[in-house]
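# Summary of the model geometry
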Amino acid sequence: MSQLDALLDKIQDLKEESKANLEEVESLQECEELRVKYLGRNGEIQELFDELGDLPDEDKAEAGKGINKLKSFLQDRIEEKKEKFKRREKEKKLKQEGIDVTLPGRSRGVGKRHVITQVNDELTTIFKRMGFSLALGPEVESDYYNFEALNIPELHPARDEWDSLYVDDEHLLRTHTSPVQIREMESQEPPVKIICPGKCYRRDTPDATHYPVFHQVELLWVDENLTFANLKYVIRSFVEEFFGPEFSMRFRADYFPFTEPSAEVDVMRPDGEDWLEIMGSGMVDPNVLEAVDYDPETYQGFALGLGVERMAMLKYGIDDIRLFYRNDLRFLDQF
Ligand code: DAH
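What comes next is a walk through the structure. (Residues numbered from 1 in each chain as written. Predicted model: local features only at pLDDT ≥ 70, side-chain atom pairs only at ≥ 80, totals over all residues. Heavy atoms only, no water.)

Another aspect to go through is the overall build of the chain. Along the backbone of the chain there are 12 helices and 10 strands. The C-alpha radius of gyration computed for the chain amounts to 45 Å, which surpasses the reference 20 Å derived for 335 residues by more than 25%, pointing to a less compact arrangement than a globule. Viewed in the frame of its principal axes, the chain has a C-alpha envelope of about 140 × 45 × 40 Å. Within the span of the chain, comprising 335 residues, buried residues form 40% of the whole. (Helix = DSSP H or I, 4+ residues; strand = E, 2+ residues; numbered from the N terminus. Rg over C-alpha atoms; globule rule 2.2 N^0.38 Å. Buried < 20%, exposed > 50% of the residue type's maximum accessible area, 1.4 Å probe, protein only.)

Shown next, in the form of structure tokens:
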């Protein structure tokens, strides 16, 4: 057999062998192994080319053609197989990692307003709808605004009711929102029709109904011809809207230095037995009007003050004020 025929046979054998091997590959990895085996730098195709060098010159062209044909045949087939396995692997990966639309979404946990803020907003919204506009005052207040101008002189026993937190000799953390009444009346002529929400402070030891910081909403309306009937109407409308029409309500005579007459307002749940106190109120004392240079002969007014925590406790049946400030999400999430 001539050298040429022997080489051509070898090419033919290699083709058969490689075809059979290609049939059996089962992975990208195995494809690559075959590529190295046949087409690698020391692969079998290269070996054939090496042998080509030993052939007589006139046979080189024919043998070279045969080897090149086998080479490109292998290149094509291996590439084809590789593509096939790549596609398969991709599909498999997609299936594993693909979006499962049945999974629950990831929530962003955007949070919400604290229950006290919610109730505060609800209260102020009701009064705003009645035409009262928002007014705010400082939490560090002077003795004059917190007491004096509100008809609570230095030795007045009402000062004892509030264990105040003093910042220096003349300033304290306000014990109520009533000083905003004075500030607003000083800064404008009547009519004054305002609502003032805000934090207040008292030196109370925390227990189920006391906390050293709490929230109040103050209301003041000063104009000509205002009477106790207007006060009753505003409060009754508010109670009906906030608690619902099925709550009963009553006025009870009381005393506040800055109002005359003064009344405490109580409500009772539809199924209740006890009257629950919800706010203090009254006609603005003439001494208070005089303190801001309003003429009590021309102007009258009424005011009220309520505790936001207390309203929230009554509305939701919460029995301990300290719960509002523990920051326990199991509690806060309920509102
Ligand atoms: N400032 C009073 C307090 O903290 C509440 C209050 C009572 C406010 C009667 C008023 C009022 O405006 O008229 O106890």
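Ranked by internal contacts, the top residues of the largest apolar core, which has 40 residues, are L123, F238, F243, I278, M311 and F324. Elements supplying a minimum of two residues to this core: α5 (115–129), β6 (213–223), α9 (228–243), β8 (259–268), β9 (276–284), β10 (300–307), α11 (308–316) and α12 (329–332). A total of seven residues in this core trace back to one element, the largest contributor, which is α9. Among residues more than four places away in sequence, those in contact with L123 are I195, V217, F238, F242, L306, V308 and M311. In this structure, A135, L150, C196 and F256 belong to the second largest nonpolar core, which totals 26 residues. (Core = buried A, V, L, I, M, F, W, Y, C linked by side-chain atoms within 4.5 Å. Contact = heavy atoms within 4.5 Å.)

Quick look at the sheet that holds strand β4 (residues 171–173) now. An order of β2-β4-β3 is seen for the three strands of this open sheet, with the pairing classed as antiparallel. Strand pairing shows two members of the sheet lacking a second neighbour, β2 (140–142) and β3 (165–166), which therefore form its edges. (Pairing = 2+ DSSP bridges.)

Turning next to the sheet that holds β6. Judged by pairing direction, the sheet is mixed, and its seven strands sit side by side in the order β1-β5-β6-β10-β9-β8-β7 without closing on themselves. Each end of this open sheet is capped by a strand with a single partner; those strands are β1 (133–134) and β7 (248–256). Sheet topology places β8 next to β9; seven bridges connect them, and they run antiparallel. Across the sheet, residue V267 finds its bridge partner in β9, namely L276. Here α11 sits on the sheet in contact with β6, β9 and β10, set at roughly 140 degrees to β9. (Axes fitted to C-alpha atoms, helices over the stretch in contact; angles between N-to-C directions.)

From the geometry alone we can't say anything about function, so treat these as descriptive.
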